[in-house]
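# Analysis of the macromolecular model
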Amino acid sequence: MLKAHIIGLGKSGNAAARLLKLQGWDVSLSDRNNSSQLEPQKQQLESEGIVVNLGENFQPDESLDLVVVSPGVPWDIPGLKTARNLGIETIGEMELAWRNLRDLPWVCITGTNGKTTTTALTAAIFQAAGLNAPACGNIGYAACELALQEYEGSAQPLDWIIAEVSSYQIESSSTLNPRIAVWTTFTPDHLNRHYTLERYYDIKAKLLYQSQQQVINGDDPYLRETAHQRWLSACWTSVLGQEKLVANSELGFYIENNWVMQNGEPIVQADALKMVGSHNQQNLLMAVATAKLAGIETEAICQAISTFPGVTHRLEQIMNWQGIDWINDSKATNYDAAEVGLAAVDSPVILIAGGEAKKGDDTAWIYRIKEKVASVLLIGDAAEAFSQRLKAENYFNFEIVETMENAIQKASEIAPQLGAKVVLLSPACASFDQYQSFEHRGEHFRQLCLELKG
């Protein structure tokens, strides 16, 4: 019997383990976390004949035939290096899903920022066209959850896979070959994992090289400069009109006079999407371009866009309290995303920022803070470093409050005094210092806001 080991006890690891077990593999799973909250999952998997070891760093033995890595697990941990040196095949959970669903057409959406909104909107358009095309990967289902459903025949057969794919997932997917690949943005991120900007770029580019068709954001300065000679038949997009398309203007999608257009033909009014910010106009263009490449009719595109509710944790309005909007932008986990969040809301702003800091250029973010923010409330591990950085830029309207509870309480006191129009959680940081995920952080913000209003 072939032996497989799964690293990571999240929904991706769970689904990968169950899928391989049903296919006749001898399956084990490990997670370095030994929290009691994982015990129910452990017991369930063990009842299905899957060995689970918690609080354990993966160390391979030569009897293994396959190692499957969950998305958040670094690709260069010692155990994985050892496995590869032993000749054990090592793949990511996304790659395993692809191998089981490769007969279906895939849309894979990657980029530093904009992935989630573009993925959710693309899936909504495909579904409005009557297709069973769920979102998966970084949002929605784990990719292997869909593979498991398809293998078991427990759901309606799939028509398309719409996957948000991170650099981590591309890095660990050797054969992923989507019908359409979308590149939303490119700015420095995850450099603590990928080390250099060039390495990070090459990982993203790999997905487009392996795809049959490409959609690329032509308003992104880095992509505009570096990608136009690489994918000569790509479909480029621009919110600045047809003249600003990078290449192949007949293929490209653009906005003019509040219409999404292709080659002079109007498709949908741009303001039909009820999401703030010019970045969301770009996300709209990429989703429409993808749908058109897939052969979806304009009627379904218009229907989906006019009813699209937005994305949880991305500029999500939680409430209006005392005339002030409280907005959850927990998914802004880097400086660029947080700067975009600030640019999209009305000023003056009370900003809640901090968490587990990432490497990156904070220049534009700090400029936007100085332009629009009445006060910054700093939480998490990055609070002290952020305070020093703000002082160095001659910005002193901040306070270290440490926790989300303290931030909400303080914001409720000072927002009316400062005439703030918005209280914005846009952390510019990962969440893992105080939370399990950016979703967990955003849900805590939501809970505290509703308790304040209640």
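See the structure shown above.
Conventions we followed
- Residues numbered from 1 in each chain as written.
- Predicted model: local features only at pLDDT ≥ 70, side-chain atom pairs only at ≥ 80, totals over all residues.
- Heavy atoms only, no water.
- Pairing = 2+ DSSP bridges.
- Helix = DSSP H or I, 4+ residues; strand = E, 2+ residues; numbered from the N terminus.
- Right-handed = clockwise from strand over helix to strand, strands pointing away.
- Salt bridge = Lys/Arg side-chain N within 4 Å of Asp/Glu carboxyl O.
- Buried < 20%, exposed > 50% of the residue type's maximum accessible area, 1.4 Å probe, protein only.
- Axes fitted to C-alpha atoms, helices over the stretch in contact; angles between N-to-C directions.
- Contact = heavy atoms within 4.5 Å.
- Phe/Tyr/Trp six-rings, centres within 6.5 Å; stacked < 30°, edge-to-face > 60°.
- Core = buried A, V, L, I, M, F, W, Y, C linked by side-chain atoms within 4.5 Å.
- Parallel < 35°, antiparallel > 145°, perpendicular 65-115°, else oblique.
- Left-handed = near helix turned anticlockwise from the far one by under 90°.

All right, on to the pairing of strand β5 (residues 89–92) then. Here four bridges tie strand β4 (residues 66–69) to β5, and the two strands are oriented parallel to one another. Across the sheet, the residue bridging to Leu66 is Glu89, located in β5. The parallel pair β4 and β5 is bridged by helix α3 (residues 78–85), and the resulting crossover is right-handed.

Applying the stated criterion across every chain yields a total of 13 salt bridges. One salt bridge connects Arg389 with Asp362, and the closest N-O pair in it is separated by 2.7 Å. Here Arg389, found in helix α15 (residues 383–392), pairs with Asp362, found in the loop between β17 (349–354) and α14 (363–372); they are 27 residues apart in sequence, far enough to count as distant. Among the residues examined, Arg389 registers a relative accessible area of 27% and is labelled partly exposed. With a closest N to O distance of 3.6 Å, Glu399 and Lys410 form a salt bridge. Placement of the pair is Glu399 in strand β19 (residues 398–402) and Lys410 in helix α16 (residues 404–418), with a sequence separation of eleven residues. Owing to a relative accessible area of 33%, Glu399 belongs among the partly exposed residues under this scheme. Residue Lys410 is classed as partly exposed on the basis of its relative accessible area of 23%. It is possible to trace a salt-bridge network through shared partners that takes in Glu89, Glu95 and Arg99.

The subject of this paragraph is the sheet that holds strand β7 (residues 135–137). The mixed open sheet is built from nine strands, whose spatial order is β7-β8-β6-β9-β10-β11-β12-β13-β14. Looking at which strands have only one partner, the edges of the open sheet turn out to be β7 and β14 (265–269). Averaged over all neighbouring strand pairs, the angle between strand axes comes to 25°, with direction disregarded. Here strand β9 (residues 180–183) runs beside strand β10 (residues 213–217); their pairing, made up of four bridges, is parallel. Bridging from a neighbouring strand, Trp183 pairs with Ile216 of β10. With respect to the sheet, helix α9 (residues 197–209) is in contact with β6 (106–110), β9 and β10, its orientation differing from that of β9 by roughly 150°. Together, β6, β9, β10, β11 (235–238), β12 (253–256), β13 (259–262) and β14 form the strand contacts of helix α11 (residues 278–293), whose direction differs from that of β11 by roughly 150°.

The tally for this structure, following the rule as stated, stands at 14 aromatic pairs. Geometrically, the ring pair formed by Tyr201 and Tyr222 is tilted, given 5.6 Å between the ring centres and 50° between the ring planes. Note that Tyr201 is positioned in helix α9 and Tyr222 in helix α10 (residues 221–226), a separation of 21 residues in sequence. You can call Tyr201 buried: its relative accessible area is 4%. Using a relative accessible area of 29% as the deciding quantity, one classes Tyr222 as partly exposed. With a centroid separation of 6.2 Å and an interplanar angle of 45°, the aromatic rings of Tyr335 and Phe386 are classed as tilted. Placement of Tyr335 in helix α13 (residues 335–344) and of Phe386 in helix α15 is noted, with a sequence separation of 51 residues between them. Since its relative accessible area comes to 6%, Phe386 is described here as buried. In textbook terms, an aromatic cluster arises when at least three aromatic residues are bridged by ring pairs, as seen for Trp183, Phe186, Tyr200, Tyr201, Tyr209, Tyr222 and Trp231.

Below, the discussion takes up the nonpolar core. The nonpolar side chains of a soluble globular protein tend to be buried, and buried together. Ranked by size, the top nonpolar core spans 53 residues in total, and within it Leu20, Trp106, Ile161 and Trp231 carry the most contacts. With six residues, α9 is the largest single contributor of residues to this core. Residues in contact with Trp106, not counting those within four places in the same chain, are Met94, Ala97, Trp98, Leu101, Trp160, Ile161, Ala163, Leu176, Pro178, Arg179 and Ile180. In this structure, Ala123, Val182, Leu284 and Val288 belong to the second largest nonpolar core, which totals 40 residues.

Our next topic: the packing of helix α1 (residues 11–22) against helix α6 (residues 143–152). Orientation of α1 relative to α6, taken along the N-to-C sense of each, is 30°, at an axis distance of 8 Å. One finds that α1 runs roughly parallel with respect to α6. Crossing angle aside, the handedness with which α1 passes α6 is left-handed. Contacts between α1 and α6 involve Lys11, Ser12, Ala15, Ala16, Arg18, Leu19 and Leu22 from the former and Cys144, Glu145, Ala147, Leu148, Tyr151 and Glu152 from the latter.

This part is about helix α4 (residues 93–101). With seven of nine residues buried, α4 is to be regarded as a mostly interior element. Restricting attention to buried positions, one finds in α4 the residues Glu93, Met94, Glu95, Leu96, Ala97, Trp98 and Leu101.

Another aspect to go through is the environment of Arg99. Secondary-structure assignment places Arg99 in helix α4. Sequence spacing of Arg99 and Ala17 is 82 residues, and the spatial spacing of their C-alpha atoms is 15 Å. The residues touching Arg99, leaving out its near neighbours within four places in the chain, are Glu89, Ile91, Ser174 and Thr175.

What follows covers unusual backbone geometry. Across the junction of Ser347 and Pro348, the peptide omega takes the value 0°, indicating a cis bond. Note on placement: Pro348 falls in the loop between α13 and β17. The backbone of Asn263 shows a phi angle near 50°, a positive value even though the residue is not glycine. Of note, Asn263 is situated in the loop between β13 and β14. For Asn394, which is not glycine, the phi dihedral falls at a positive 60°. Within the element layout of this structure, Asn394 appears in the loop between α15 and β19.

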